[in-house]
Each structure stands twice: as structure tokens, then as C-alpha cells.
Amino acid sequence: MRDLINEFATQYVEDLQRQLDSGYGQRSIQNPVLFLFVGDKCVEALRAVCASNERDWQNSRGVLYVHAYQEQTWEHPQVLGCRLPKADVDKKTMRSSVHERFLQDEAGKVELNKLMKLASVRVAEMGKLFSAFQQVNIAVVTRADDPAAILLPELTLLLKSYLNELFKNVSADLYVLLQERNNGEAFGFSSALSVSFLEELNHYQSSDFRYRSRLLVTEDLVKLPVEHERAPLFSIAYLLSDKTEQGLFIEGGMQENYELVSKLVLLNNKKAEHEFSEGNEGYSKLQFIRNMAGDGSATRFATAGLSKVKRPTHAIALTVLAAVFDRYWEQLREGELVPKTKAREKLGLSAHELERKMAAILPDPHVLEEMSGLMTSGISYGELAGMTMREAELALFDGSSQAFFEANIASGAKARLERMLAQEPLADVIQDQIVADERFGLYAAYQLTAELANGANLQDELRTGIREAARQVELIRAELNEIYQQRVDRQDIRLGGFFTRDKERVRTFTRHLLQVVYDKKLELLEWELLLAMLVDYERQAEAIHRQIGEQVEQLEGLQRQLREIAQASVREATDYLGKNVDEYYESVVRDTMRSLEAAKGSGFYMEQRYIGSGALLFQNRIAGLVERLCQFCRNEILTRSPFALSFEAELLARANVGAAYDNRTVLTRDDLFLDLSQVLEQRAAVHIEVFHFLQKHRYEEKYLFADIHNDFVQYVLRQDEGNRTYKQGCIHEEQKSGIEKMNLMGGFGVEDLMFYRNNKKYHSSYEESGFVFGRVGEEGTS
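Anyway, here's the lowdown on the structure attached to this text. Treat the numbers as computed from the prediction; the structure is a model and nothing was measured.

## Considerations on the overall build of the protein chain
- Looking only at helices and strands, one finds 24 helices and twelve strands in the protein chain.
- With 782 residues in all, the protein chain has 54% of them scored as buried.
- Across the protein chain, the fraction of contacts at a sequence separation of at least 24, relative to all contacts at a separation of at least 6, is 81%.
- Here the protein chain has roughly 35,000 Å² of accessible surface; of this, 47% comes from carbon and sulfur atoms.

Right, here's the structure in full:
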């Protein structure tokens with residue numbers, strides 16, 4: 001059931017996000033972008049970045065991905081794979097062997113050149129999808145601990161050289177993924193690999209980095225040089241760890257880094273932003289590079305953090321579901337009680353209905369006449385005269401009369417009663433006549449069958465009937481016993497005169513005996529059967545009450561569970577601003593339900609085309625009711641206008657919800673905006689941990705991705721205005737389902753990284769133990 005409830009909320013989230021964000025169209029990159037993923041450890045990043053781009057970028061189908069791999073890649077129409085030389089199995093030379101074999105593998109270089117040429121042509125062919133075509137950006141992504149990362153300059157510069165043949169301006173940015181959370185397996189070796197890469201990268205990013213190598217190889221094995229002169233290899237090198245600046249591990253850190261890569265590439269390749277309002281500073285990549293470089297005397301790196309605040313749609317859906325059920329359950333409990341007379345009629349317990357049932361069970365009274373044909377013993381009347389009626393019956397029939405009555409009358413009636421009780425169980429009658437009746441429903445049936453009931457009380461009715469029937473049984477048994485004890489010669493019968501034959505007198509007495517005794521026995525049987533029926537009904541009523549009681553408990557449990565699930569979802573949404581959700585949406589549901597009740601009638605929920613009166617519990621148990629409840633919310637509640645507000649409008653509505661003066665959990669508009677801005681800032685903590693990072697080396701920029709015209713954005717832009725130590729702006733997007741924030745920070749060096757400081761000891765010790773991490777047979781870097 002919990003899965004069913006969460007599936008409902010998840011589907012609503014997806015549907016609403018599509019509805020709100022469809023067609024906003026702001027996210028598109030201005031110029032062509034070519035991704036280069038280096039190493040097998042980037043497969044997961046490749047898939048995630050590609051999926052993120054497809055989801056968020058309008059012109060994502062014009063983006064190409066090159067994956068330089070050794071063993072593992074991912075097939076996709078926009079992915080071109082190029083195989084790199086395999087590394088040594090020996091860990092001591094694993095990293096260096098990749099570079100050494102690359103230099104020696106002439107055939108491999110030819111294939112690599114063919115692929116790089118193909119990639120550059122493919123990028124050029126997609127030019128119509130971009131508003132600016134003179135510039136192309138290479139986004140290089142790699143893991144610091146991937147041995148293939150040793151080929152970073154070769155792969156980047158070779159690709160860049162082919163793109164330079166087709167584009168006037170080619171830039172390259174690097175996105176380095178650092179995985180610090182390690183489960184303890186190969187942690188030393190992985191750390192040593194990463195440190196080796198960072199030291200190489202520090203060299204590549206120095207202002208006097210030079211590279212020259214004959215990497216361009218034609219199909220005829222003609223070689224041409226690739227050159228890079230005195231400049232950093234990459235425009236910006238971002239280092240993205242799974243730790244924050246405060247040293248805290250990020251839950252799902254690498255997944256967040258993949259999304260950061262996509263967002264940073266978008267930011268660096270968007271059309272230039274204009275200042276829409278005072279306090280908004282547009283993003284400029286060149287300005288960010290200059291400002292983070294400082295005096296330019298040392299190599300500087302950048303990092304970033306991203307937070308997303310969506311409307312708490314999941315919590316909203318669950319809160320609505322819980323609130324709707326509260327009202328439904330309230331209506332069920334407040335349903336009309338069954339009046340006593342109505343209950344008797346509906347359940348077939350009126351005097352008339354009981355007579356009808358007994359008539360259907362008992363045989364035709366004329367069947368007693370057949371007993372007159374029973375064989376008698378031939379005893380004389382004179383012998384009978386001194387006997388009691390019981391003795392006379394035994395003397396006449398020797399038990400055959402009782403046997404006949406039992407076989408032809410009593411046993412058949414009892415069998416018919418059993419069939420009737422089996423074919424028309426009271427549970428079915430209650431379900432059809434009470435539970436399924438929209439005026440009454442499940443709770444009315446629960447009340448009807450309770451020991452202490454309001455209104456009609458089935459248990460009392462049945463027990464009253466049982467007492468009366470039992471009294472009648474005892475009374476008739478006493479009367480029968482009295483008849484049996486009477487003397488034959490005292491019976492009020494006409495036996496004829498002096499000349500009447502003895503046989504005629506015996507026959508007259510026999511007819512009298514059978515009529516007097518067996519009419520009374522038939523009357524006794526009728527009351528015994530009625531008593532048995534009522535006792536069975538009492539047993540059924542108790543069982544039905546237990547069954548309905550279990551279902552009432554299930555409903556009460558469902559109410560608690562829905563409330564707990566909703567409240568848990570609201571608590572989980574704290575980071576996504578789940579404040580005032582309960583207060584606001586319970587109010588919205590209450591108003592919506594009142595409106596529906598006014599239009600359709602107060603008990604419309606009980607109609608089968610909506611939720612139903614509870615009869616579903618007898619058929620599909622609680623899951624069937626939950627399905628109907630979810631469907632009702634989808635069709636009748638969540639389609640209303642309060643649930644289609646944009647993020648900022650919904651936020652304002654919740655911010656302005658009314659509350660009692662002493663309700664401290666409800667926030668004011670400014671409190672809510674402050675809370676949201678703090679949540680955004682906390683979750684946008686940059687993804688790198690630095691050591692004693694001095695203020696003079698630090699440069700920060702912070703950007704919201706949102707509609708610049710909304711009140712919250714204006715609130716943030718005005719916050720701390722004039723006292724900021726960072727640049728702040730808004731990237732205008734008319735998306736309606738949420739707000740995002742990106743924090744950029746640059747200006748730190750390798751030595752400032754806690755990761756580098758903590759792991760350099762592993763690198764040094766591994767090298768002292770004979771491990772070779774560096775580039776062997778270097779051709780042309782300096």
C-alpha cells in the first residue's frame with residue numbers, strides 16, 4: 001500500500017513538472033559543445049551528463065560526446081568511442097604504461113586521428129542548431145584516479161587541432177572528478193594516482209606550459225606536429241569532489257558532480273546575460289577567469305556547488321491525499337444511522353419477513369395427514385384407555401410416528417434452514433443493504449452490529465428475538481409434555497355408542513393423538529428453527545462486526561499512515577522548503593471539498609463513481625480503496641487551479657497562509673524567503689575542501705537560475721546589497737517548477753587542497769616503493 005501511495009505522489013510530481021516547465025525554452029547553449037570523456041571510470045559520468053543535457057537543453061541533439069576508453073564504454077547515437085592502449089596489469093607501471101604504449105602505437109594513432117576528424121566534422125554539421133557558430137567549446141571530463149587521464153594533453157590538443165580547421169575560436173575547459181569517499185579497497189593506490197594527476201594538471205595550467213608533438217597522423221602515416229605555446233592548457237579547470245568546502249561528504253556526491261558538469265557547461269556556453277534589474281550582475285566567463293587568477297603568479301583552479309529548490313510537489317500530493325481521506329473518513333463516520341424499523345426491513349428481520357422465511361422452511365402442514373396411514377400394533381382401545389398419551393403412542397406405533405416426523409418433516413426443515421443460512425448469509429445482506437447504500441455505508445454497518453450501538457442495535461434485536469423464541473420453545477415443550485401425561489380415557493373425543501366396534505374407536509383415538517401431539521410438535525419445530533436461525537444470525541453478526549471492525553481499524557490505520565507518510569515527506573522536503581505545506585494545503589483541500597459538496601451534495605464521495613461508501617473493502621480490501629482515493633484526488637482535487645501555480649506563486653501562497661497567533665510553525669513571507677535563500681546557499685556549498693584558504697586568494701560568484709521578475713529573486717538580489725564580497729546575479733529562465741542556485745569559487749592552488757595535502761604521503765611512499773606514475777618517453781611538454 002505504501003508503494004501505491006508513493007507511486008501516486010511520484011506520478012503527480014512528474015506530471016506537474018512537465019505541465020509547468022513545458023515550453024519555457026530558455027535553456028539552450030549558444031555555440032557548439034563537444035564533450036571529451038577520458039577513461040573507463042567516466043562511463044557513469046558520460047551517461048549521467050548526456051541524460052541531463054537531453055532533459056534540460058533544447059538543442060541537446062546537436063551535442064556530441066567522444067569517449068576515450070580502454071575496456072568499457074557506452075553506446076549512444078551521439079557518442080563516438082575511441083579505444084586507448086591497455087594498461088599494464090602490474091600496478092607499479094599501470095599509469096605510465098598507458099602513455100608509453102600510446103606513443104608506440106602508430107596504428108592506434110591513425111584510428112584516433114580518424115575519429116577526432118570525424119568528431120570535428122560532425123560538430124560542424126550541427127551548426128544550424130546553434131545561434132553562434134564561430135566558436136566551439138571542448139568540455140573535457142575525467143576522473144583524477146583514472147590511469148587514462150595521463151593522456152589528457154594529447155587527447156585534448158589533438159581534438160582541438162582538428163576543430164581549429166573548422167572554427168575560428170576553439171576553447172577547452174576541464175572538469176576533474178575527485179572521489180574522496182572510499183570503501184577501503186585500493187584507497188592508497190587510488191589516492192596516489194589522483195595526486196600524480198593533480199601535479200601534472202598543475203603543470204598543464206601554468207602560464208608558460210608548452211607542448212609540441214607529432215600527433216597528427218594521416219591515413220598514409222604522414223605525421224604533423226600539434227603545438228601549444230606558453231598558456232594554460234584549459235581556459236578553466238574545475239575540480240569537483242564528493243566533499244564540500246567544510247569537509248562534509250555529499251550524499252550522492254558524484255551524481256551531483258555530474259549535474260554540475262552539465263550546468264557549468266551550460267553556463268559557459270549560454271548567450272550573454274543582460275542586467276534585467278538593479279543588483280543583478282550577468283555572468284562573464286572571461287571576467288571570472290581574470291578575477292580568480294589574481295596576480296597571475298600561480299596556477300589557479302575553480303570549483304562550484306549547485307542547489308535546486310523545487311516546489312515540494314511530492315509532499316503536497318501526499319498532504320492532499322491525507323487531507324482528502326480525513327474528510328472522507330469524517331463523512332463515513334457521520335453517515336446516517338440505520339433506524340430500527342429500517343434495519344429490520346433491510347435485514348429481513350421484521351415479523352412479516354421472519355414468517356415468510358419460516359414458511360419457506362417448514363413443510364406444508366397437510367404432511368401430518370400422511371401420518372394417519374402409519375401401521376398400528378392392533379392393540380384394543382380397552383388396553384389403551386388406562387395409558388397416558390405417551391404410553392399410548394408407543395403402544396400404537398412403537399416409535400414409528402417419531403421416526404416419520406423426524407424423517408419427513410423435521411430433518412427436511414432443518415436442511416432447508418441450513419441451505420438458507422449458507423445461501424443468504426447475513427454478511428451479504430449487510431453488505432448489500434447497508435454498506436453499499438450511499439446513505440449509510442461501512443461505518444453505519446459497524447455501528448449497527450456493535451454491542452453498544454447508536455440507533456438500531458442488531459445484537460440487541462437478535463438477542464431479544466432469541467430470548468422470545470427460547471421462551472416459546474420452553475413453553476411449547478411444557479405444553480407437549482402436559483399432553484403426553486394426560487390419560488387416554490380423559491380425552492375429549494367421541495368414541496361412538498355401545499355398538500361401535502373397537503377398531504373404530506382405536507382409529508378415532510389415533511387420529512386425535514396424532515393431531516394433538518404432532519400439531520404441537522410442528523409448532524415446537526417452528527420455534528426451534530426460528531431460534532436456531534436467530535442464534536446463527538447472532539453468531540454471524542458478531543463475526544461481521546469483527547470483520548467490519550478490522551476494516552474500520554484498517555481505515556483508522558490508513559488515516560494514521562497517510563498522515564505519517566505526508567508528514568515524513570514534508571520533513572524530508574525541508575531542504576526543498578516544505579514549510580507551511582500542512583497548513584496551506586489542508587486549507588486548500590478543505591475549501592475545494594466544500595465547493596464540491598455544495599455542487600454535488602455533501603455525501604457525493606460515497607457514490608461509486610467517486611470513492612464509494614466502503615463496499616470496496618469487502619471486495620478489494622484496503623488497496624482497492626486507496627486506488628479509488630488516489631484516482632479521486634487526481635481527477636477532482638489536483639486539477640484545481642491552486643495546484644497549478646508556478647513555483648514562486650505557490651511559495652507566496654504558502655507564505656501568506658493564515659494561522660493562529662500562537663502557531664509558531666507557520667512562517668511569514670519574509671521568514672519563508674529567508675529560509676529559502678539560506679537553504680539554497682547551504683546546499684550550493686562548493687565541492688572541494690581547501691586548507692586555510694585566505695580571503696585574498698578567493699574569488700566567488702553566485703547565480704540563481706530563475707525568473708528574474710519573481711519576488712523571491714528580487715528579495716535575494718537586494719539581500720546584503722552593498723556589503724557583499726562576491727558577485728551575484730540571476731540567469732533568467734521562465735521555468736515554473738523551481739529555482740536553482742550555483743556558487744562558483746576560484747583562485748586556489750593545488751597546495752590549498754586538503755585532498756592533495758592528505759594524500760601526497762601515499763604518492764611519495766608508492767614512488768619510493770618503485771611505482772611509476774609519471775609520463776615516460778615525453779616528447780614535447782615543458
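## Thoughts on the environment of Arg101
- Tracing the backbone through its elements, the reader meets Arg101 in helix H3 (residues 94-104).
- Using a relative accessible area of 33% as the deciding quantity, one classes Arg101 as partly exposed.
- Between the C-alpha atoms of Arg101 and Leu84, which are 17 residues apart in sequence, the distance is 9.1 Å.
- Once residues within four sequence positions are removed from consideration, Arg101 is found in contact with Pro85, Lys86, Ala87 and Asp88.
- There is a polar contact of 2.3 Å between the side chain of Arg101 and the side chain of Asp88.

## Let's talk about the environment of Gln554
- If you trace the backbone, Gln554 turns up in helix H18 (residues 502-572).
- Between the C-alpha atom of Gln554 and that of Ile622, which follows or precedes it by 68 residues, the distance is 7.2 Å.

## Focus on helix H24 (residues 754-768)
- End to end, H24 covers 22 Å across 15 residues, agreeing with the expected 21 Å (1.5 Å per residue, within 8%).
- At Lys760, H24 shows its strongest bend, of approximately 40°.
- Residues of H24 that are buried in the fold lie against strand E5 (169-178) and helix H6 (187-204).
- Where H24 terminates, the next one or two residues include Gly770, which has phi positive at roughly 95°.

## Let's talk about the nonpolar core
- Membership of the largest hydrophobic core comes to 118 residues, with the highest contact counts inside it found for Val320, Ile430 and Phe509.
- Sort the elements by how many residues they give to this core and H18 lands first, with 25 residues.
- Excluding anything up to four places from it in sequence, Val320 contacts Tyr585, Val589, Cys633, Ile637, Leu638 and Phe643.

## Focus: the pairing of strand E9 (residues 301-310)
- E9 sits mainly inside the fold: eight of its ten residues count as buried.
- Two elements, E9 and strand E12 (residues 738-748), share ten bridges in a ladder whose sense is antiparallel. Bridged to Thr303 within E12 is Met745.

## Focus: the pattern of salt bridges
- In the structure shown here, the tally under the stated rule is 36 salt bridges.
- Residue Glu165 is joined to Lys117 by a salt bridge in which the shortest nitrogen-to-oxygen separation is 3.0 Å. Linking Glu165 in the loop between helix H5 (152-164) and E5 with Lys117 in helix H4 (residues 106-125), this pair joins segments that are 48 residues apart in sequence.
- Since its relative accessible area comes to 33%, Lys117 is described here as partly exposed.
- In this structure, the salt-bridge partner of Lys243 is Glu689, at a minimum N-O distance of 3.6 Å. Of this pair, Lys243 sits in the loop between strand E8 (237-241) and helix H7 (253-268) while Glu689 sits in the loop between helix H22 (669-683) and strand E10 (699-706); the two residues are 446 residues apart in sequence, bridging distant segments of the chain.
- Classification of Lys243 by relative accessible area gives buried; the value is 15%.
- For Glu689, a relative accessible area of 16% corresponds to the buried category.
- Several salt bridges share partner residues, and in doing so they unite Glu245, Glu681, Arg698, Glu700, Lys702 and Lys741 into one network.

## A closer look at the packing of helix H14 (residues 400-423) against H18
- The interhelical angle for the contact between H14 and H18, taken along N-to-C directions, is 25°, at an axis separation of 11 Å. Relative to H18, H14 is oriented roughly parallel. Handedness of the H14/H18 crossing: right-handed. Residues Ser401, Gln402, Phe405, Ile409, Ala410, Ala413, Lys414, Leu417, Met420 and Leu421 of H14 touch H18, and the partners they reach there are Tyr518, Lys521, Leu522, Leu525, Leu529, Ala532, Met533, Asp536, Tyr537 and Gln540.

## What to know about the packing of H4 against H5
- At their nearest, the axes of H4 and H5 sit 9 Å apart, and the two run at 50° to each other. Classified by the angle between their axes, H4 and H5 sit oblique to one another. Our pair here, H4 against H5, has a crossing hand that is right-handed. Contacts from Leu112, Asn113, Met116, Lys117, Ala119 and Ser120 of H4 reach H5 at Leu155, Leu158, Leu159, Tyr162 and Leu163.

## Side note on the packing of aromatic side chains
- Inspection of every chain in the model, using the stated rule, returns 22 aromatic pairs.
- For the ring pair Tyr175 and Tyr238, a centre distance of 5.1 Å and an interplane angle of 10° mean the geometry is stacked. Here Tyr238 lies in strand E8 and Tyr175 lies in strand E5, a separation of 63 residues in the sequence. The burial state of Tyr175 is the same as that of Tyr238; both residues are buried.
- Put simply, the rings of Phe35, Phe37, Trp57 and Tyr65 pair up and form one aromatic cluster.
- When the ring centre of Phe705 is taken as origin, the NZ or CZ atom of Lys263, which lies over that ring, is 4.2 Å away.
- Directly above the aromatic system of Tyr726 lies the positively charged group of Lys702, at a separation of 4.9 Å from the ring centroid.

## Digging into the side chain of Ser401
- Here Ser401 shows up in helix H14.
- Within the structure, Ser401 has its side chain in polar contact with the side chain of Gln402 (distance 2.9 Å).
- Residues contacting Ser401, with those up to four places away along its chain left out, are Met371, Leu374, Glu393 and Tyr518.

## A look at the pairing of E10
- Burial runs high along E10: eight of the eight residues are buried.
- Of the two faces of E10, both are covered, the one formed by Tyr699, Glu701, Tyr703 and Phe705 as well as the one formed by Glu700, Lys702, Leu704 and Ala706.
- Of the pairings in the sheet, the one linking E10 to E12 comprises seven bridges and is antiparallel in character. Bridge pairing in E12 links Glu701 to Leu744.
- Where E10 meets strand E11 (residues 727-732), six bridges bridge the pair, whose relative direction is parallel. Bridge pairing in E11 links Lys702 to Gln728.
- Viewed along the sheet, the connection from E10 through helix H23 (residues 711-718) into E11 turns out right-handed.

## Some thoughts on unusual backbone geometry
- Of note in this structure, Leu221 is not a glycine but carries a positive phi near 65°.
- Note on placement: Leu221 falls in the loop between strand E6 (211-217) and strand E7 (223-228).
- Within the chain, Asp398 stands out as a residue other than glycine whose phi angle is a positive 50°.
- Within the secondary structure, Asp398 is located in the loop between helix H13 (389-397) and H14.

About the thresholds
- Residues numbered from 1 in each chain as written.
- Predicted model: local features only at pLDDT ≥ 70, side-chain atom pairs only at ≥ 80, totals over all residues.
- Heavy atoms only, no water.
- Helix = DSSP H or I, 4+ residues; strand = E, 2+ residues; numbered from the N terminus.
- Buried < 20%, exposed > 50% of the residue type's maximum accessible area, 1.4 Å probe, protein only.
- Contact = heavy atoms within 4.5 Å.
- Areas by Shrake-Rupley, 256 points an atom, 1.4 Å probe, with all protein chains shown as cover.
- Polar contact = N/O pair within 3.5 Å; in protein donor to acceptor, adjacent residues only side chain to side chain.
- Expected span 1.5 Å × (residues − 1).
- Bend = angle between axes of the 7 residues up to and from the residue.
- Core = buried A, V, L, I, M, F, W, Y, C linked by side-chain atoms within 4.5 Å.
- Pairing = 2+ DSSP bridges.
- Salt bridge = Lys/Arg side-chain N within 4 Å of Asp/Glu carboxyl O.
- Axes fitted to C-alpha atoms, helices over the stretch in contact; angles between N-to-C directions.
- Parallel < 35°, antiparallel > 145°, perpendicular 65-115°, else oblique.
- Left-handed = near helix turned anticlockwise from the far one by under 90°.
- Phe/Tyr/Trp six-rings, centres within 6.5 Å; stacked < 30°, edge-to-face > 60°.
- Lys NZ or Arg CZ within 6 Å of the ring centre and 35° of its normal.
- Right-handed = clockwise from strand over helix to strand, strands pointing away.

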